[in-house]
Amino acid sequence: MDKKIYVTGIIFLTLCFVSYFLNDYVSGILHALVNIIAPGRSDSKPIFFFSYGITIGFIYLFYYAKKDSVLVSKIKKYIPVSLWLSVSASFALSLGVYVWFMIKYHLPFTYTLIAHNDTFTSTALLHNHFTKGALVFVTQFFASSGIANVDSGTALIGLVPQWIFFAQALVVLIAVISFVLYYRIVLGYIRSLTLTRNISFSLLYGLSSFMVLKSMLDGGIFDAVAIPSIVFFVVLTVVHKKRVMWIVSTLSAVHIILMSWLYCTGYFSGDQDYVYHMYTILVDGAVLGVLYITFALQHNRLYFLTALFLLIFMYPQVKGYVVSTDYIDQPVSTDGAWVSSYKMLTDSRFTSVGEVGRVNVYSFVPSASDDIRVSDLVDMSGFISSYTPVTVIYDQCFPHTSFISSNMKVHSPVAVSSHLSTTTRLYGLSMTPYQDPGGTSQGMFEYNHTVSFAPCLPMQLASFVEVVRSLGLSTFFISDIQANTNDPLNLVTF
């Protein structure tokens, strides 16, 4: 019976994997569902999720009735050691590089955008991106000025030593192999369980280990995904229960103390993701907690409660995606829309409005015979669908007379003109030193930066970066982004 259930699971995950590539609407729904346990924009995350689940399923099918080979018997005792060493090393590297980087470039320990190599990434203590250096070995071969490489680690090339990228890639690879091999060596224990506990163990193992791997690559030790996944993975796999309780209690206490301290010191001021961060911790903890109860208490009826419980968290994710899909499926109004793109759009229906750095902004007015939908304009723009800013402006509107302002700090190794100020049809920019450039420590120049956008302009991270890039800077950092509290469209998304 257990074999049939695992075969069904593999078929289901395979269908999800294939459907993800065949239908955009289905891929969006699947991405939204994966976001329940591992939020983020990355299109590669669902692929990794389904691939990992299929691998775990095949490991069970191929080895569930086999005895340990001589090789497995020899390496058995080393697998847990390599697993925890690689996981610990990955988190230590990401946190260590984050601290080193912020000190080296004299940056505040707040949310920071890093612009370099014609692209950018972001980082924060509670979600740092420095382990993305492990991805650079692949992404740097496809590096270009195109938007598809944003946030893939390319921005870190040249700012972080290459050997650190290599070390990150190595420990992540060891961790992935160790997670799979560890599941292989505990199959004897899994087979001895009742059917419900057998399935619960595999589900909990697969989800928690995937979430640990996700936070290793994207987020770090204090990421919202990392805390509950590490706690429940330890509870599930470590034999010494008293030690487990100490580990769980310590991790939880450290995290609560850290969050409380950061909140009291104003670290989250202006950070809209703080609430979402806490929501993710609660959701992930609840999902893994209910699954662990089904494993520990061995009651079949708990599966129904688990499914019902998961539906509570599925609803807002799917609803949010459906609302977004409904928006891009609507026809473009006869009044037209504004479209932004890194490409030069030559269709006669596009009229250039201006530029924001390298982003070209156009007005688009459909012909009477056109059957053009917002999704068509997204495709024409060349932006990847999961990326912000939204390429077709909110509600297809044209800009109002008033601008919406945001304040931030710009850090650059190159000086720019003091008291710089410029205004265009698309944005207004003013920049003044908040520290005397001549006296700035160790060569970093720091400025107050206020940028005001027309409400219909994509006013998100790429726009901030491109406005500063328009000053002629190639490498710079943006921190302490403070959105205007009166922004009715809530356009700043971290």
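This is a predicted model, so every value here is computed, not measured. (Residues numbered from 1 in each chain as written. Predicted model: local features only at pLDDT ≥ 70, side-chain atom pairs only at ≥ 80, totals over all residues. Heavy atoms only, no water.)

J.: Would you take a moment to explain the overall build of the protein chain for this structure?
T.: What the protein chain contains, in helices and strands, is 15 helices and 10 strands. Considering the protein chain as a whole, with its 494 residues, one finds that 51% of them fall into the buried category. Considering only contacts within the protein chain whose residues lie at least 6 apart along the sequence, 72% involve residues at least 24 apart. By element, 65% of the accessible surface of the protein chain is carried by carbon and sulfur atoms, the whole surface being about 22,800 Å². (Helix = DSSP H or I, 4+ residues; strand = E, 2+ residues; numbered from the N terminus. Buried < 20%, exposed > 50% of the residue type's maximum accessible area, 1.4 Å probe, protein only. Contact = heavy atoms within 4.5 Å. Areas by Shrake-Rupley, 256 points an atom, 1.4 Å probe, with all protein chains shown as cover.)

J.: Help me understand the sheet that holds strand β3 (residues 337-341), please; the structure alone is not making it clear to me.
T.: Hydrogen bonds along the backbone pair up the strands of a sheet, which may run parallel or antiparallel. In spatial order, the strands read β3-β5-β4; together these 3 strands make up an open sheet with antiparallel pairing. A strand with exactly one partner marks an edge of an open sheet, and here the two such strands are β3 and β4 (350-356). Each strand of the sheet is rotated relative to its neighbour by a mean of 30 degrees, with strand direction disregarded. The pairing of β3 with strand β5 (residues 359-364) spans 5 bridges and is antiparallel. Counted as the bridge partner of Ser341 is Asn360 from β5. (Pairing = 2+ DSSP bridges. Axes fitted to C-alpha atoms, helices over the stretch in contact; angles between N-to-C directions.)

J.: Please explain the nonpolar core as it appears in this structure.
T.: For soluble globular proteins, nonpolar side chains are generally found buried alongside one another. If you look at the biggest cluster of nonpolar residues, it comprises 83 residues, and the most contacted ones within it are Phe101, Phe179, Tyr183 and Tyr205. Within the second largest apolar cluster, 31 residues are counted, among which are Val353, Val416, Val451 and Leu473. (Core = buried A, V, L, I, M, F, W, Y, C linked by side-chain atoms within 4.5 Å.)

J.: Any chance you could explain the side chain of Asp480 here in plain terms?
T.: Position of Asp480 among the secondary structure elements: in strand β10 (residues 476-483). A distance of 3.0 Å separates a polar atom in the side chain of Asp480 from a polar atom in the side chain of Thr110. With residues near it in sequence (within four places) discarded, Asp480 still touches Pro108, Thr110, Tyr111, Asn407, Met408 and Lys409. (Polar contact = N/O pair within 3.5 Å; in protein donor to acceptor, adjacent residues only side chain to side chain.)

J.: Would you mind showing me how to read the packing of helix α5 (residues 79-104) against helix α10 (residues 226-237) here?
T.: To characterise two packed helices, one gives the angle between the axes of the helices and the distance between these axes. Following both chains from N to C, one finds α5 and α10 inclined at 165 degrees, their axes separated by 14 Å at the closest point. Classified by the angle between their axes, α5 and α10 sit roughly antiparallel to one another. Note on packing geometry: the crossing formed by α5 with α10 is left-handed. Side by side, α5 and α10 meet where Leu83, Trp84 and Phe91 of the first sit next to Ala226, Ile230, Phe233, Val234 and Thr237 of the second. (Parallel < 35°, antiparallel > 145°, perpendicular 65-115°, else oblique. Left-handed = near helix turned anticlockwise from the far one by under 90°.)

J.: I would appreciate a short explanation of the pairing of strand β1 (residues 112-116) in the present structure.
T.: Each regular strand displays side chains that alternate between the two surfaces of the sheet. Counting buried positions over the 5 residues of β1 gives 5, a clear majority of the element. With burial as the criterion, each face of β1 is covered, one bearing Thr112, Ile114 and His116 and the other bearing Leu113 and Ala115. Sheet topology places β1 next to strand β2 (residues 119-123); 5 bridges connect them, and they run antiparallel. Across the sheet, Ile114 pairs through a bridge with Thr121, a residue of β2. Joining the antiparallel neighbours β1 and β2 is a turn of 2 residues, in which Asn117 adopts a positive phi near 55 degrees.

J.: Help me understand the side chain of Lys45, please; the structure alone is not making it clear to me.
T.: Considering the arrangement of structural elements, one finds Lys45 in helix α3 (residues 44-63). For the buried Lys45, which has no salt bridge, the nearest side chain bearing the opposite charge is Asp218, at an N-O separation of 7.0 Å. A polar side-chain atom of Lys45 sits 2.5 Å from a polar atom in the side chain of Asn35. Once residues lying within four places of it in the same chain are set aside, the contact partners of Lys45 are His31, Val34, Asn35, Ala38, Pro39, Gly40 and Phe210. (Lys, Arg positive; Asp, Glu negative; His and termini not counted. Salt bridge = Lys/Arg side-chain N within 4 Å of Asp/Glu carboxyl O.)

J.: What is the right way to read the pattern of salt bridges from this model?
T.: If the charged atoms of two oppositely charged side chains come close together, the side chains can form a pair. Applying the stated criterion across every chain, the model contains 5 salt bridges. Ionic pairing is found between Lys214 and Asp218, a salt bridge with its closest N-O pair at 3.8 Å. Judged by relative accessible area, Lys214 falls into the buried class, the value being 7%. In this structure, the salt-bridge partner of Asp223 is Lys214, at a minimum N-O distance of 3.9 Å. One exposure class covers both Asp223 and Lys214, and it is buried.

J.: Even after reading the chapter, I still don't get the packing of aromatic side chains, so can you show me in this structure?
T.: Considering all chains together, one arrives at 25 aromatic pairs under this definition. Through pairs of rings, three or more aromatic residues link up here, namely Trp84, Phe179, Tyr182, Tyr183, Tyr189, Phe201, Tyr205 and Phe233. (Phe/Tyr/Trp six-rings, centres within 6.5 Å; stacked < 30°, edge-to-face > 60°.)

J.: Is there a simple way to explain the environment of Leu135 in this structure?
T.: Along the chain, Leu135 turns up in the loop between β2 and α6 (136-139). The exposure class assigned to Leu135 is partly exposed, which follows from its relative accessible area of 32%. Counting along the chain gives 19 residues from Leu135 to Thr154, while the straight-line C-alpha distance between them is 8.5 Å.

J.: What is the right way to read the environment of Asp335 from this model?
T.: The residue Asp335 is located in the loop between α13 (301-329) and β3 in this model. For the pair Asp335 and Phe364, spaced 29 residues apart in sequence, the C-alpha to C-alpha distance is 8.7 Å.

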